[in-house]
Amino acid sequence: MIVLIIGVPGSGKGTQAGALSAQFGFTHLSTGDIFRAEMSSQSPLGRKAAEFVNNGHLVPDPVVVEMVASRIQDIQEKRYLLDGFPRNLEQAEALSAVLAKQGVAVDLALFLSVSHAEAVKRLGSRLWCGACGSVFNIRSLPPQLAGKCDKCGSGLIQRGDDGAATVQKRLLIYEEMTRPLVAYYRAGQILHEIDGDRPPEAVSGSLAAIIQSLLAAR
Ligand code: AMP
C-alpha cells in the first residue's frame, strides 16, 4: 500500500506519519527529514538543498524527484508512507509516472486540515533535535529535561526554517504550490480529509481507522 500525507507546515504530518508507520509497518519516507540529514552531513545533496530549505523555499523538482525515485526503488516491500512529497502538481505527476513504471499507484492521500493560526502556534513552539531528528513542542510535547532530547540527550533547537518570517513564506508557498494537490487527489478519488486541529491522539485514531478500513477492503 502506498500512502501519502499532505498538510500545511505544522499540521503534524511528521508526527502522524511516524506513528502510522510504527503501527502499520510502513517505511516512512520524509523528504524534509532526508534533506535535514543530508545537510547535517554536508553531503553534495545537502549542500544543494541547504539554501532552499533554510529560506523556506521548495528544493527544485528535478533534485527532489530523483532523490525520491531512487529511495522508492530501494524499498523492497511496496508498503510505504510519503511525508512531504509530492509538494506540487509537477511532483505528483512525476510520482505517478515513476510508480506506473513499477506497475503500482498511490492508494491513499491523507489530507491533514489545520488552520494557519494553529500551524503558526505549533511551529513557534516546536523544538528539534539536530542529532536524531526527534521533534518536541514546548506546549504540547515538552521534553522531560528542558532543552534536551528525550531520545539521545542532545541539545534541542528551533529548526532554521521555523523562524516567524520563514514560516509565513512557507505558508504562502504551501497555499500556492501544495494545496492544489488536495483537488488533484480528490479528483482521483483517493483523498481523505482529516480535521488536524484536534489533539494528536484523536488525529492518529482517525488516520488509523481510514487505513484499517482500506486494508480490510483489499
Ligand atoms: P518539511 O520537513 O516537510 O517541512 O520540509 C522542510 C523543507 O524541506 C521544505 O520547506 C523544503 O525546503 C524542503 N522540502 C521537503 N520536501 C520537499 C519537496 N517535496 N519538494 C521540495 N522541497 C521539499
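Our subject is the structure that appears above.
Because the structure is a prediction, the values reported are computed rather than measured.

Colleague: What should I look at first to understand the sheet that holds strand S8 (residues 191–195) in this one?
Modeller: Think of a sheet as strands paired side by side through backbone hydrogen bonds, with each pair either parallel or antiparallel. One open sheet accounts for 5 strands, arranged S2-S3-S1-S4-S8; its pairing is parallel. Two strands close off the open sheet at either side, each with one partner strand: strand S2 (27–30) and S8. Averaged over all pairs of adjacent strands, the angle between their axes in this sheet comes to 20 degrees, without regard to strand direction. Of the strand pairs in this sheet, strand S1 (residues 2–7) and strand S4 (residues 108–113) are connected by 5 bridges, and their pairing is parallel. Residue pairing across strands places isoleucine 5 opposite leucine 110, the latter belonging to S4.

Colleague: Please clarify how the pattern of salt bridges should be interpreted in this entry.
Modeller: One pass over the full model with this rule turns up 11 salt bridges. The salt bridge involving lysine 121 is made with glutamate 118; its shortest N-O contact spans 3.8 Å. A residue pair is termed a helical-turn pair when its members lie 3 or 4 positions apart in one helix, as lysine 121 and glutamate 118 do in helix H6 (residues 116–124) at 3 residues. With a relative accessible area of 47%, lysine 121 lands in the partly exposed category. Relative accessible area serves as the criterion here: at 18%, glutamate 118 is assigned to the buried category. When the shortest N-O distance is used, the salt bridge between arginine 179 and glutamate 175 registers 2.8 Å. Exposure remark for arginine 179: the relative accessible area of 33% places this residue in the partly exposed category.

Cut-offs used in this document
- Residues numbered from 1 in each chain as written.
- Predicted model: local features only at pLDDT ≥ 70, side-chain atom pairs only at ≥ 80, totals over all residues.
- Heavy atoms only, no water.
- Pairing = 2+ DSSP bridges.
- Helix = DSSP H or I, 4+ residues; strand = E, 2+ residues; numbered from the N terminus.
- Axes fitted to C-alpha atoms, helices over the stretch in contact; angles between N-to-C directions.
- Salt bridge = Lys/Arg side-chain N within 4 Å of Asp/Glu carboxyl O.
- Buried < 20%, exposed > 50% of the residue type's maximum accessible area, 1.4 Å probe, protein only.

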